Amino acid sequence: MPPSKQRRASTAPAKRSKAAATIDYAALARFRYQLRSFLGFSEEAAQAAGLTPQQHQALLAIKGFSGTEPTTVGDIARYLLIRHHTAVELVNRMTKLGLLMRAVDAADGRRVLVTLTAQGERKLQALSKIHLEELTTAGPALGKILRHFRQSQKK
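Keep in mind that what you see is a predicted model, and the values were worked out from it rather than measured. (Residues numbered from 1 in each chain as written. Predicted model: local features only at pLDDT ≥ 70, side-chain atom pairs only at ≥ 80, totals over all residues. Heavy atoms only, no water.)

So, the packing of aromatic side chains
Under the counting rule described, the total for this entry stands at three aromatic pairs. Relative to Phe149, the ring of Phe31 has its centre 6.0 Å away and its plane inclined at 75°; by these criteria the two rings are edge-to-face. Of this pair, Phe31 sits in helix 2 (residues 25–48) while Phe149 is found in helix 6 (residues 118–154), placing the two residues 118 residues apart along the sequence. Among the residues examined, Phe149 registers a relative accessible area of 18% and is labelled buried. Judged by centre distance (6.1 Å) and plane angle (35°), the rings of Phe38 and Phe41 are tilted. Of the two residues, Phe38 and Phe41 are both situated in helix 2; the distance of three residues between them amounts to about one turn of the helix. Using a relative accessible area of 19% as the deciding quantity, one classes Phe38 as buried. Of the residues examined, Phe41 reaches a relative accessible area of 22% and is grouped as partly exposed. (Phe/Tyr/Trp six-rings, centres within 6.5 Å; stacked < 30°, edge-to-face > 60°. Helix = DSSP H or I, 4+ residues; strand = E, 2+ residues; numbered from the N terminus. Buried < 20%, exposed > 50% of the residue type's maximum accessible area, 1.4 Å probe, protein only.)

Some thoughts on helix 5 (residues 84–96)
Helix length check: helix 5, at 13 residues, gives a terminal C-alpha distance of 19 Å against a target of 18 Å (1.5 Å per residue), a fit within 8%. Of all the residues in helix 5, the buried ones are Ala87, Leu90, Val91 and Met94. Buried residues of helix 5 fall within an arc of 100° about the axis and therefore sit on the same side. Opposite its buried face, helix 5 presents the exposed residues His85 and Lys96, each directed more than 90 degrees away. Elements in contact with the buried residues of helix 5: helix 3 (53–65), helix 4 (73–80), strand 2 (100–104) and strand 3 (112–116). (Expected span 1.5 Å × (residues − 1). Arc of directions from axis to C-beta. Contact = heavy atoms within 4.5 Å.)

Written out as structure tokens, the structure reads:
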């Protein structure tokens, strides 16, 4: 083994044990709990609106990430961290529900462009409003935990 690799291998356990001693497990647990609480709220809100959580995420991704460029099925796959064929099926289902419109890109016939319908916009707007209200409630707890993380990293 080259000397540089020997040094790294021999110092790694010491660094790991020191880092493990400084981990604030309670803060990490509180942070994860707050995230899961918000995600649980979000999933229930989507279902109450007649959507799956993934459909809500797709509407938000299309509206939030599209900017001036149209959103493609490939973009949706990237935004939702799903495979392309899964995004195709999701878009198909959402199009049948009247939430999305799809069109072949005139500049590149291989690409399918996706936009929200008026119904999709209304559903997203209603869900976004209650999500922002929930974040107003949950935000202070998350902010406190994040400030704690920043302060503990400075030490």
